[in-house]
Each structure stands twice: as structure tokens, then as C-alpha cells.
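Observations on the three-dimensional arrangement
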Amino acid sequence: AGSAHAECLQFFLKQGVDIKRPVKSGFTPVHAAAQKGNVHCLEVLSESGADFNQAGSQEFSTPAYLAAQVGSVECLHFLASKGIDFKKANPSGVT
């Protein structure tokens, strides 16, 4: 399933979807991939210049926080390889 989602993501990227533009809550495709533990999508997003340090709104934290929340060690290792700041907090101060 992870690779199928990555293929869909690649399709949208080819259509010019802005992966850095958050929805109202501050959620981005990076947040969604991390929250689902989908390292395949994180890889595709990385190739497209995604920001892995972007914190969401008060409801949503960083992609690393979301990956940890669902127990995705694979995503955490991937994010670490991209040099993310594990100490970055969301607007509420949650890391």
C-alpha cells in the first residue's frame, strides 16, 4: 500500500501540486506521510524538496512527532537522515 500511495503522490506532483502549501491546520503531505508511517511517500516528497522541519498548527506537530506517535521507527530514521530538528516545537511548544 505504501508504494501505491507514493505512485499517487508522484502523479499529483507531476500535475504541479504545491507540496509545501499547508491546509488551514498547517498540515502538509509530509505530515500526512509521517502520521501514516509511510516512508515511501516521504522519499518521494524528499525528491521534490519537501520541508521536513515544518511544524503544523497547535493541533499538529512536526512530522517527527507524528511518526513517533504512530511508532514508525522507519520514518524517524528517514527523517533523521534528512537532518531534521527533533527539538523543533509546534506553536503550542509541543516537540
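Scroll up to find the structure.
A brief structural summary. (Residues numbered from 1 in each chain as written. Predicted model: local features only at pLDDT ≥ 70, side-chain atom pairs only at ≥ 80, totals over all residues. Heavy atoms only, no water.)

1. Regarding the nonpolar core
Here is the rule: By nonpolar core we mean a set of buried residues, namely Ala, Val, Leu, Ile, Met, Phe, Trp, Tyr and Cys, connected to one another through side-chain atoms within 4.5 Å. For every residue, the accessible area (1.4 Å probe, protein chains only) is compared with the maximum for its type, and the residue is labelled buried under 20%, exposed over 50%, or partly exposed between those bounds. Strands here are runs of E lasting at least two residues and helices are runs of H or I lasting at least four, both read from the DSSP assignment and numbered beginning at the N terminus. In what follows, a contact means two residues having at least one pair of non-hydrogen atoms within 4.5 Å.
Among the nonpolar cores identified, the biggest contains 22 residues, and Leu 9, Val 30, Leu 42, Leu 45, Ala 50, Phe 52 and Leu 79 are the most heavily contacted of them. Counting residues per element, the ones that place at least two in this core are helix H1 (2-14), helix H2 (29-36), helix H3 (39-47), helix H4 (63-69) and helix H5 (73-81). When residues in this core are grouped by element, the largest group, five residues, is from H3. Leave out the neighbours within four places in its chain, and Phe 52 touches Val 30, Leu 42, Leu 45, Ser 46, Pro 63, Phe 78, Leu 79, Lys 82 and Ile 84.

2. Some remarks on H3
For an α-helix the count is 3.6 residues per turn, leaving residues at separations of three or four pointing the same way. Listed in full, the buried residues belonging to H3 are Val 39, Cys 41, Leu 42, Val 44 and Leu 45. Of the residues one or two after H3, Gly 49 is the one with positive phi, at around 85°.

3. Things to note about the packing of H3 against H5
Geometrically, a packed helix pair is captured by the angle between its two axes and the distance between the axes. The test is simple: Angles shown run from 0 to 180 degrees and are taken between the N-to-C directions of axes, each axis being a line fitted to C-alpha atoms and, for helices, limited to the stretch in contact. By definition in this entry, angles of less than 35 degrees are roughly parallel, angles greater than 145 are roughly antiparallel, angles of 65 to 115 are roughly perpendicular, and the rest are oblique. The crossing is said to be left-handed when, going from far helix to near helix, the turn is anticlockwise and less than a right angle, and right-handed when the turn is clockwise. Here the nonpolar group is Ala, Val, Leu, Ile, Met, Phe, Trp, Tyr, Cys and Pro; Asp, Glu, Lys and Arg are the charged ones; every other residue, Gly included, is treated as polar.
In the contact formed by H3 and H5, the axes pass within 9 Å of each other and the chain directions differ by 20°. With respect to H5, the element H3 is oriented roughly parallel. Crossing angle aside, the handedness with which H3 passes H5 is right-handed. Contact residues: Val 39, Leu 42, Glu 43 and Ser 46 in H3; Glu 74, Cys 75, Phe 78 and Leu 79 in H5. Residues of the contact of H3 with H5, tallied by class, amount to five nonpolar, one polar and two charged.

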